[in-house]
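Chain by chain, the residues:
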Amino acid sequence: MNYALLTQRLGISIEAELLELALTHSSYAYENGKTPNNERLEFLGDSVLGFVVTGHVYLENPDLDEGSLSRLRSAIVSAKTLAVAANQIGLGEFIRLGKGELATGGQTKTNILADTFEAIIGAAYLSGGLAPAKHIIDSLVLPLLSSEDELLETSEPRTVLSELLKSLGKSDATFDVTHEGPDHDRTFFAKVVVDGVDISKGSGRTRKAAEAQAAIDALKTLRG
């Protein structure tokens, strides 16, 4: 594995052992003698990320109240946002996965990408302190704030949809969800219903993903 290429893309150096651990998913660890995985580093990276992002949104948005700051922070550190950041450096190609995850496209799964990205931040922090960890966040995560409205809609589409419907004088949306397939390979289908009318549809591998996609499409429809 060309870890030098990854550190080049990150723009910092990380101790080789820490970087390898950060890239080791639990599925790989389990299949290789239950060796250590990246979950502890993910825990650490999540805290470092939250600290840096909280400071940034507080200082850069002096007019926002606590609730708005919390929503913005949650949007930035959401799995979807972190997966976008991870894809900017092609992180998926470096993650060590078990055979089962490899077979099901684990390199592209949002949660795996996001968790590994947090583990990388944790490894950077242990390797060199706050500065290299902050460099990753400053260069790959915070630039995604250039479109705050889009960021909020992607991470909290149901909340944004509810607020839009309220401003339009409409009833809140309800979600009609069905599914197909066996338990281990199920696909969910969601419809957004407003005042008895179906206005959008969405699908996903989980109920939450299907509802989120349907809410995003509903926002586009309502704004027409």
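A brief report on the enclosed structure follows. (Residues numbered from 1 in each chain as written. Predicted model: local features only at pLDDT ≥ 70, side-chain atom pairs only at ≥ 80, totals over all residues. Heavy atoms only, no water.)

1. Overview of the overall build of the chain
Helix and strand content of the chain: 12 helices and 3 strands. Over its C-alpha atoms, taken along the principal directions, the chain stretches across nearly 55 × 50 × 25 Å. Residues counted as buried form 42% of the 224 residues belonging to the chain. Counting only contacts in the chain whose residues sit at least 6 apart along the sequence, the fraction spanning at least 24 positions is 55%. Just so you have it, the chain exposes about 12100 Å², and 51% of that area is on carbon and sulfur atoms. The chain carries 21 positive and 31 negative side-chain charges, and their two centres are separated by 5 Å. (Helix = DSSP H or I, 4+ residues; strand = E, 2+ residues; numbered from the N terminus. Buried < 20%, exposed > 50% of the residue type's maximum accessible area, 1.4 Å probe, protein only. Contact = heavy atoms within 4.5 Å. Areas by Shrake-Rupley, 256 points an atom, 1.4 Å probe, with all protein chains shown as cover. Lys, Arg positive; Asp, Glu negative; His and termini not counted. Charge placed at Lys NZ, Arg CZ, Asp CG, Glu CD.)

2. What to know about the nonpolar core
Core analysis: the largest hydrophobic core is formed by 43 residues, its most contacted members being Leu6, Leu10, Ile14, Leu91, Phe117, Ile120 and Ile136. For this core, the secondary structure elements donating two or more residues are helix H1 (3–10), helix H2 (16–22), helix H4 (39–60), helix H5 (66–76), helix H6 (79–88), helix H8 (110–128) and helix H9 (130–141). Setting aside anything within four residues of it in sequence, one finds isoleucine 136 in contact with Leu10, Ile12, Phe117, Ile120, Ile121, Ala124 and Val141. Counting 16 residues, the second largest nonpolar core, distinct from the first, contains Leu161, Phe188, Val192 and Ala218. (Core = buried A, V, L, I, M, F, W, Y, C linked by side-chain atoms within 4.5 Å.)

3. Considering the pattern of salt bridges
All chains considered together, the criterion is met by 9 salt bridges. With its nearest N and O atoms 3.3 Å apart, the salt bridge here joins glutamate 163 to arginine 71. Taken as a pair, glutamate 163 in helix H11 (residues 157–167) and arginine 71 in helix H5 lie far apart in primary sequence, 92 residues in all. Relative accessible area serves as the criterion here: at 24%, arginine 71 is assigned to the partly exposed category. Here aspartate 198 ties to lysine 191 by a salt bridge, and the two come within 3.3 Å at their closest N and O atoms. (Salt bridge = Lys/Arg side-chain N within 4 Å of Asp/Glu carboxyl O.)

4. Regarding the packing of H6 against H8
At their nearest, the axes of H6 and H8 sit 8 Å apart, and the two run at 75° to each other. If you check the angle between H6 and H8, you find them roughly perpendicular. In this structure, H6 uses Ala79, Lys80, Leu82, Ala83, Ala85, Ala86 and Asn87 to contact H8, whose residues at the interface are Thr110, Asn111, Leu113, Ala114, Phe117 and Glu118. Residues belonging to the contact of H6 with H8 are distributed by class as follows: 8 nonpolar, 3 polar and 2 charged. (Axes fitted to C-alpha atoms, helices over the stretch in contact; angles between N-to-C directions. Parallel < 35°, antiparallel > 145°, perpendicular 65-115°, else oblique. Nonpolar A, V, L, I, M, F, W, Y, C, P; charged D, E, K, R; others polar.)

5. As for unusual backbone geometry
Located in the positive-phi region is lysine 34, a residue other than glycine, with phi close to 55°. Looking at where lysine 34 falls in the secondary structure, it is placed in the loop between helix H3 (26–31) and H4. For aspartate 195, which is not a glycine, the phi torsion comes out positive at approximately 55°. For aspartate 195, the position within the fold is in the loop between strand E2 (187–194) and strand E3 (197–204). By relative accessible area, aspartate 195 is classed as partly exposed at 49%.

6. Observations concerning the sheet that holds E3
As summarised here, the arrangement of the 3 strands in space is E1-E2-E3, forming an open sheet in which the pairing is antiparallel. The open sheet is flanked by strand E1 (174–180) and E3, the only strands paired with a single partner. When the angles between neighbouring strand axes are averaged without regard to direction, this sheet yields 20°. Taken strand by strand, helix H12 (residues 207–223) contacts E1, E2 and E3, and its axis lies near 135° from that of E3. (Pairing = 2+ DSSP bridges.)

7. Some details on a nonpolar patch on the surface
On the surface, a cluster of nonpolar side chains totalling about 390 Å² of accessible area is made up of Phe51, Tyr125, Leu126 and Leu130. Tracing the backbone through its elements, the reader meets tyrosine 125 in helix H8. A residue is classified by how much of its surface remains accessible, and tyrosine 125, at 34% relative accessible area, is partly exposed. (Patch = residues over 30% accessible without salt bridge, like charges linked within 9 Å, V, L, I, M, F, W, Y side chains within 5 Å.)

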